[in-house]
Structures are given as C-alpha cells and as structure tokens.
Amino acid sequence: MYKTTKILFLSWGLFAFTLCYSQHQNNKEIQSIGGEKDNHGCLPAAGQTWSKLKKNCIQVFNEGQRLDPVETKEGEAVFSAFILFNNDQTKAELFLPNNKQFILNPSNNGLYKFNRYTYNINDKTLYYKRKLIYKAK
C-alpha cells in the first residue's frame, strides 16, 4: 500500500509540474522570426515594406522594377529605387532609397507623375525636376 501511494503521489506531482510548465510556456510572448514588426505588421528585418498601392507587406526588391542611379561615384555604395505598378497599370508606387514612397498617376504617353518626379514607362527612366536620376537595366 505504501508503494502504491508513493507512485500515485509522484505521478500527480509530475502531472501538476507538466501542466504548470505548459501554461507558463503559453503565457510567454513569442518573438516572431525576423524581428520586430512595424506599424503595418511588416517585418523590416526580412526586407518587408508596406505598399500603399498593394495594401500589403511586400519585398519591393522581389516585386518591383529595380531602377539604378544614373550617376555613381567609384567606391561608394549604390542605392537603387524601385517602382511597382498595380494590376491594370493605372497607378505606380515609387520607393526611393531614403525610405520615401510616392504614388504616381498616369499622365500621357506612358508618363507617370507625382510632384517633380516623372517616370517614363517606355524607357524605364525616372526624372526629378526633368533631370534623369534612375534607369532600369
């Protein structure tokens, strides 16, 4: 009888410990892989950016058209811009290296504009104040 009581007591103790540990693990806040999320739920550490046009987190380097700077200096890092179109190409979203984003609207003859930025869809060039600054390869 003493042996049976001892086994039951140990079994219940092990069960209680397991239950408490399980609940403790469930109450822990689990850090998502990729780091902290931004205000839109995107993971910047995973290369995600919020797209106003797509209304979703995207990796602009996978979904957008890369535009490389026309003028570069030897030995300096090259920072590209990206342009992304909606499905019917009635709008474009421009992502600049300084984390600025703009929605460009179609103008005429394949031009998309926002303030002083103009993108030419035909030759895949971006102008700022009529000066060529980025071009797709």
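Refer to the structure presented above.
One structure accompanies this document, and this report is about it. Note that this is a predicted model, so its numbers are computed, not measured. (Residues numbered from 1 in each chain as written. Predicted model: local features only at pLDDT ≥ 70, side-chain atom pairs only at ≥ 80, totals over all residues. Heavy atoms only, no water.)

### As for the environment of I121
In step 1: With respect to the helices and strands, I121 occurs in the loop between strand 8 (117-120) and strand 9 (125-128).
In step 2: Exposure remark for I121: the relative accessible area of 22% places this residue in the partly exposed category.
In step 3: Along the chain, I121 and A92 lie 29 residues apart, while their C-alpha atoms are 10.0 Å from each other.
In step 4: Filtering out sequence-adjacent residues up to four positions away, I121 remains in contact with F85, Q89, G110 and Y112. (Helix = DSSP H or I, 4+ residues; strand = E, 2+ residues; numbered from the N terminus. Buried < 20%, exposed > 50% of the residue type's maximum accessible area, 1.4 Å probe, protein only. Contact = heavy atoms within 4.5 Å.)

### Regarding unusual backbone geometry
In step 1: The phi dihedral of K55 is positive, around 55 degrees, even though this residue is not glycine.
In step 2: Secondary-structure assignment places K55 in the loop between strand 1 (49-51) and strand 2 (56-58).
In step 3: Overall, K55 belongs to the exposed group, its relative accessible area being 63%.
In step 4: A positive phi angle, close to 65 degrees, is found at R130, a residue other than glycine.
In step 5: Counting through the fold element by element, R130 comes out in the loop between strand 9 and strand 10 (131-135).

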